[in-house]
Amino acid sequence: MRLDKMLSDCGVASRSEIAEACRAGTVTVNGAVVKRADTRVNEETDEVVYRGQTVRYRRFVYLLLNKPEGYVSATEDGHDPVVTDLLPAEYRRMGIFPCGRLDKYTTGLMLLTNDGELSHRLLAPKSHVTKRYRFGLEAPLTAEAVCAIEAGVNIGGYVTKPCKIELEAPDRGVIAITEGKYHQIKRMMEAVGNRVVSLERVSFGSLASDVSLARGEWRELTPEELFRLRSEANLK
Ligand code: URA
């Protein structure tokens with residue numbers, strides 16, 4: 001692989017900055033200064049140092065973010081802040097994007113990655129990945145409303161798939177759904193004459209929210225978390 005590709009895949013800098021750093025003699029491969037950005041390197045075994053920092057090659061990154069309110073699930077937006085604004089530039093240069101959408105005012109667990117295949121598989125309707133959300137409502141949810149929602153309600157001509165609700169109080173609880181239609185939970189509650197006043201995602205497949213992360217904080221997935229997610233997506 002070319003040195004500049006290896007370094008830009010890792011998000012250390014743009015291609016032009018990498019070329020400039022090479023010309024300036026601030027990039028070494030196995031201890032020797034390398035002035036040409038198109039030099040071939042073995043990304044697995046060569047020791048590449050960029051401006052004093054050893055660079056470990058990795059094509060894909062996987063982050064768990066505790067999404068705060070007010071951020072749009074996108075990489076850019078005309079006027080609102082986006083979830084990728086919460087991450088260091090290194091990840092943005094690696095092409096990281098949110099795996100699925102949460103509404104602007106929904107908080108909680110969000111997976112971000114630059115692994116298009118994994119993201120696509122996790123979001124594919126046939127994968128039936130379970131997503132759990134803690135909701136707060138304007139009014140108590142009656143037993144009839146719980147039954148109706150669990151069986152499937154009509155949201156604009158689409159009947160939702162069976163789901164599960166655990167009430168923690170008359171007007172709040174956790175709902176587990178296996179699909180992801182636009183504003184799904186808000187519209188399910190509206191279908192029974194109620195209104196969502198707060199919504200937080202607490203799990204996405206095997207991935208559970210990390211209580212040590214404050215809103216707006218993130219961390220990389222552990223190897224175990226990634227292994228489980230890949231298995232759910234039928235990837236080895
Ligand atoms: N359902 C909603 O209504 N909003 C979300 O953000 C996620 C699920």
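Residues numbered from 1 in each chain as written. Predicted model: local features only at pLDDT ≥ 70, side-chain atom pairs only at ≥ 80, totals over all residues. Heavy atoms only, no water.

*Asks:* Break down helix H2 (residues 15-23) for me, citing the residues and quoting the values.
*Replies:* Of the residues making up H2, those classed as buried are Ile-18, Ala-19, Ala-21 and Cys-22. Seen from one end, H2 has its buried residues packed into an arc of 160 degrees, which puts them on one side. Opposite its buried face, H2 presents the exposed residues Ser-16 and Arg-23, each directed more than 90 degrees away. The elements touched by buried residues of H2 are helix H1 (3-9), strand S1 (27-29) and strand S3 (48-50). Directly beyond the C-terminal end of H2, a positive phi value near 80 degrees is found at Gly-25. (Buried < 20%, exposed > 50% of the residue type's maximum accessible area, 1.4 Å probe, protein only. Helix = DSSP H or I, 4+ residues; strand = E, 2+ residues; numbered from the N terminus. Arc of directions from axis to C-beta. Contact = heavy atoms within 4.5 Å.)

*Asks:* So what's going on with the pairing of strand S5 (residues 62-67)? Which residues, and what values?
*Replies:* Of all the 6 residues making up S5, 6 are buried; the element is thus mostly covered by neighbouring parts of the structure. The alternating pattern of S5 places Tyr-62, Leu-64 and Asn-66 on one face and Leu-63, Leu-65 and Lys-67 on the opposite face, and all of these are buried. With 6 bridges connecting them, S5 and strand S7 (residues 107-113) associate as antiparallel partners. In the strand pairing of S7, Lys-67 is matched with Gly-108. In this sheet, strand S15 (residues 218-220) lies alongside S5 in antiparallel orientation, the contact comprising 3 bridges. Directly across from Leu-64, in S15, lies its bridge partner Arg-219. (Pairing = 2+ DSSP bridges.)

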